[in-house]
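The residues making up each chain are set out below.
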Amino acid sequence: MRTTFDGATVRLYFLDIEAEGGGAHTLFYGPLAEAMTIAYSQTEEVQNGLFIATDNDVIAWADLIEG
């Protein structure tokens, strides 16, 4: 089970698999609670490519909101 807290510093990024060679685009770096607000405000298409990285883990946004 993964655990963290809402004030944990995270990186919210979009993994663009459509771009040649792929590419990760950072949308936000800061508290998890704020990253989640930003992620929820994205379109469904963008949300499907979002990931959240903590200091020791990475999780797909889609997996996080399903659980």
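Because the structure is predicted, anything quoted here is derived from the model rather than measured. (Residues numbered from 1 in each chain as written. Predicted model: local features only at pLDDT ≥ 70, side-chain atom pairs only at ≥ 80, totals over all residues. Heavy atoms only, no water.)

Undergrad: Would you mind going over the nonpolar core with me for this structure?
TA: As a rule of thumb, nonpolar side chains are buried together in soluble globular proteins. Judged by nonpolar contacts, Val10, Leu12, Phe28, Leu32, Ala35, Ala39, Leu50, Ile52, Ile59 and Trp61 together constitute the single largest core of 10 residues. Elements with a contribution of two residues or more to this core: β1 (9-15), α1 (32-40) and β3 (50-53). The biggest single contributor to this core is α1, with 3 residues. In this view, tryptophan 61 contacts Met36, Ala39, Tyr40, Gln47, Leu50, Phe51 and Ile52; residues no more than four positions away in its chain are not counted. (Core = buried A, V, L, I, M, F, W, Y, C linked by side-chain atoms within 4.5 Å. Buried < 20%, exposed > 50% of the residue type's maximum accessible area, 1.4 Å probe, protein only. Helix = DSSP H or I, 4+ residues; strand = E, 2+ residues; numbered from the N terminus. Contact = heavy atoms within 4.5 Å.)

Undergrad: Would you mind going over the side chain of glutamine 47 with me for this structure?
TA: With respect to the secondary-structure elements, glutamine 47 resides in helix α2 (residues 44-47). When residues no more than four places from it in sequence are discounted, the contact partners of glutamine 47 are Ala39, Tyr40, Gln42, Trp61 and Ile65.

Undergrad: Please explain the sheet that holds strand β2 (residues 24-31) as it appears in this structure.
TA: The strands that make up a sheet pair up through hydrogen bonds in the backbone, lying either parallel or antiparallel. Read from one edge of the open sheet, 4 strands run β2-β1-β3-β4, paired in antiparallel fashion. The two strands at the open ends of the sheet, each matched to only one other strand, are β2 and β4 (58-60). Each strand axis lies, on average, 25° off the axis of its neighbour in the sheet, ignoring direction. Here β3 pairs with β4 via 3 bridges, running antiparallel. (Pairing = 2+ DSSP bridges. Axes fitted to C-alpha atoms, helices over the stretch in contact; angles between N-to-C directions.)

Undergrad: It is not clear to me how the layout of surface pockets should be interpreted in this structure. Could you clarify?
TA: Rolling a probe over the atoms, with the probe sized like a water molecule, indicates the empty space that remains. Volume-wise, the second largest pocket comes out at about 160 Å³. Around the second largest pocket, the lining residues are Phe14, Leu15, Asp16, Ile17, Glu18, Glu45, Asn48, Gly49 and Phe51. By residue class, the composition of the lining of the second largest pocket is 4 nonpolar, 2 polar and 3 charged. (1 Å grid on protein atoms, 1.4 Å probe; cavity = no way out; pocket = protein on both sides within 12 Å on 5 of 7 lines; lining within 4 Å. Points joined across faces, edges and corners; volume = space filled by probe spheres on them. Nonpolar A, V, L, I, M, F, W, Y, C, P; charged D, E, K, R; others polar.)

Undergrad: In this structure, what is going on with the pairing of β1? I would like to understand it.
TA: Along any regular strand the residues' side chains alternate between the sheet's two faces. Bridge count for β1 against β2 is 7 bridges, and the pairing is antiparallel. Pairing of tyrosine 13 across the sheet is with threonine 26, part of β2. Relative to β3, β1 runs antiparallel, the two being bridged by 4 bridges. Paired with leucine 12 across the strands is isoleucine 52, a residue of β3.

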